[in-house]
Amino acid sequence: MRVDQEEETCKSKREILIRELSLKLNNRDEFLQVKIQAAKDIRKIAKSSVKARSCCGVAGIVQPLISMISCSNLEATESALLALLNIAARNERNKVIIVTSGAVPSLVELLKSQNGHLRDLATAAILTLSSSPSNKPTIAISGAIPLLVQTLSSSSVQGKVDAVTALYNLSTCTKNSTPVITAEAVPPLLTLLQECKKYSKFAEKTSALLGILANSEEGRLAISDSTMGILTLVETVEDGSLISTEHAVGALLSLCWSCRNKYRELILKEGAIPGLLRLTVEGTGVAQERARTLLDLLRDSPQKRLPASSLLESIISDIALRVDGADKAAAETANRLLLDMVQRGMELSICHLQLKAASFTPSQ
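About the thresholds
- Residues numbered from 1 in each chain as written.
- Predicted model: local features only at pLDDT ≥ 70, side-chain atom pairs only at ≥ 80, totals over all residues.
- Heavy atoms only, no water.
- Helix = DSSP H or I, 4+ residues; strand = E, 2+ residues; numbered from the N terminus.
- Buried < 20%, exposed > 50% of the residue type's maximum accessible area, 1.4 Å probe, protein only.
- Contact = heavy atoms within 4.5 Å.
- Areas by Shrake-Rupley, 256 points an atom, 1.4 Å probe, with all protein chains shown as cover.
- Arc of directions from axis to C-beta.
- Axes fitted to C-alpha atoms, helices over the stretch in contact; angles between N-to-C directions.
- Parallel < 35°, antiparallel > 145°, perpendicular 65-115°, else oblique.
- Left-handed = near helix turned anticlockwise from the far one by under 90°.
- Nonpolar A, V, L, I, M, F, W, Y, C, P; charged D, E, K, R; others polar.
- 1 Å grid on protein atoms, 1.4 Å probe; cavity = no way out; pocket = protein on both sides within 12 Å on 5 of 7 lines; lining within 4 Å.
- Points joined across faces, edges and corners; volume = space filled by probe spheres on them.
- Core = buried A, V, L, I, M, F, W, Y, C linked by side-chain atoms within 4.5 Å.
- Domains from an automatic or database assignment.
- pLDDT = per-residue confidence, 0-100.

## Comments concerning the overall build of the protein
Part 1: Tallying secondary structure elements over the protein gives 22 helices and zero strands in all.
Part 2: Looking at the 364 residues of the protein, the share that counts as buried comes to 48%.
Part 3: Considering only residue pairs separated by 6 or more positions, the protein has 66% of its internal contacts joining residues 24 or more positions apart.
Part 4: Surface accessibility of the protein: about 18,600 Å² in total, with carbon and sulfur atoms responsible for 55%.

Printed below as a string of structure tokens:
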């Protein structure tokens, strides 16, 4: 009983403090420095608990904070942005409240700022708000997309990560990904994927976005027109994480499905075969299926509806013929490839069984 009373007392004190801070923020005659301190206090309170964030969202605090974003005072803008970020964190209702209260135009203006720190904060805010499905259309038509694309080439590492994720969110809200492609996002995305570690979380986000863009003809053209476009995807198939490889092979498959005659030789020229073969054994279920399908499309004469094992054997034999010609060496190459893959598959299966055995706890 005493614990409940203490919790109720804390809740009452918190609500009183939030109301007091709201009054300070909404008072037109209040000194700016007082409002700045109030925004800093709101930031701390919103960070403290889910209930505190919920209270802040409906206490008349959001609107004055949005007004402070456009303030010429750097400290006021930063304090308001940080407070809004904490209010929006893991709270879908607050994200919607912030957007419907008119925050997006002010955030878009901040994306144009010469101050890199403010640009990064605005990018983080748009990322957070764009994770809410109902906010995506408003942000997508706000003019934020071209500015986020610019951020891919001229921002801090965290700013680039946030911009990629925000663009991914926005590309999933429209019927097509044309706005992102029109903003010429593909070249900087390919550059980022080429330069980053292929197994990193950043590579996963970037390859995921490229995978979406590759589903449109404009996106496929942008990838193939880039000097290192297909090669970068092939390298990601070879060296990426399970998630990255799944997205990268999906992008390559989209290219080949759309026009096999055009993309087949381009993909083969970049040396995609070894990575695709490895992926048929080591990838996720989706990646394995995509890799097998793509390998079949890369053959001289694709064959459909074969069992996976027969299809793989047929693919490898065809590849061996390309390497060694129609002679004994070709058969030996094919057998060696199959044996290597079977061996690798057995190793993975044994490893999986060992992990299962290690985690198994006998019932008492």
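More follows now that the structure is in view.
## With respect to helix H15 (residues 217-225)
Part 1: Burial in H15 covers these residues: Gly-219, Arg-220, Ile-223 and Ser-224. Buried residues along H15 cover an arc of 125° about the axis, so they all sit on one side.

## Observations concerning the packing of helix H13 (residues 186-195) against helix H16 (residues 229-239)
Part 1: Remark: H13 packs on H16, axes separated minimally by 10 Å, with the N-to-C direction vectors making an angle of 40°. Considering their axes alone, H13 and H16 lie oblique with respect to each other. Classified by chirality, the crossing of H16 by H13 is left-handed. Contact residues: Leu-190, Leu-193 and Gln-194 in H13; Gly-229, Thr-232, Leu-233 and Thr-236 in H16.
Part 2: Residue composition of the contact of H13 with H16, grouped by class: three nonpolar, four polar and no charged.

## Some remarks on empty space enclosed by the protein
Part 1: Overall, the coordinates contain one cavity of 30 Å³ or more when judged by the stated rule.
Part 2: Considering only enclosed or pocket space, the largest cavity measures out at about 60 Å³ in volume.
Part 3: Contributing elements (two or more residues each) for the lining of the largest cavity: helix H5 (74-88) and helix H8 (116-130).
Part 4: Tallied by class, residues from the lining of the largest cavity come to nine nonpolar, no polar and no charged.

## Some thoughts on the nonpolar core
Note that soluble globular proteins tend to have their nonpolar side chains buried in a common cluster.
Part 1: Formed by 98 residues in total, the largest nonpolar core has its most connected members in Ile-42, Leu-65, Ile-267, Leu-276 and Leu-294.
Part 2: The element best represented in this core is H5, accounting for nine residues.
Part 3: Looking at which domains feed residues into this core, each of domain 1 (15-91) and domain 2 (206-301) gives three or more.
Part 4: Apart from the residues lying within four places of it in its own chain, the contact partners of Leu-294 are Val-249, Leu-252, Leu-253, Cys-256, Ile-267 and Leu-276.

## Topic: the packing of helix H4 (residues 62-69) against H5
Part 1: Interaxial distance between H4 and H5 falls to 8 Å at its minimum, and their mutual angle equals 140°. In terms of orientation, H4 and H5 fall into the oblique class. By crossing handedness, the relation of H4 to H5 is classed as left-handed. Along the contact surface, H4 presents Val-62, Leu-65, Ile-66, Met-68 and Ile-69, while H5 presents Ala-76, Thr-77, Ala-80, Leu-81, Ala-83, Leu-84 and Ile-87.
Part 2: Residue classes in the contact of H4 with H5 are distributed as 11 nonpolar, one polar and no charged.

## Quick word on the environment of Leu-21
Part 1: One can find Leu-21 in helix H1 (residues 2-26).
Part 2: By relative accessible area, Leu-21 is classed as buried at 2%.
Part 3: Residue contacts for Leu-21: discarding those within four places in its chain leaves Ala-38, Asp-41, Ile-42 and Ile-45.

## Let's talk about the confidence of the model for the protein
Part 1: Of the residues in the protein, 78% have a pLDDT of 70 or more, and the chain-wide mean is 85.
Part 2: Every residue in residues 305-309 scores below 50 in pLDDT, and together they form two contacts with partners more than four places removed in sequence or on other chains.

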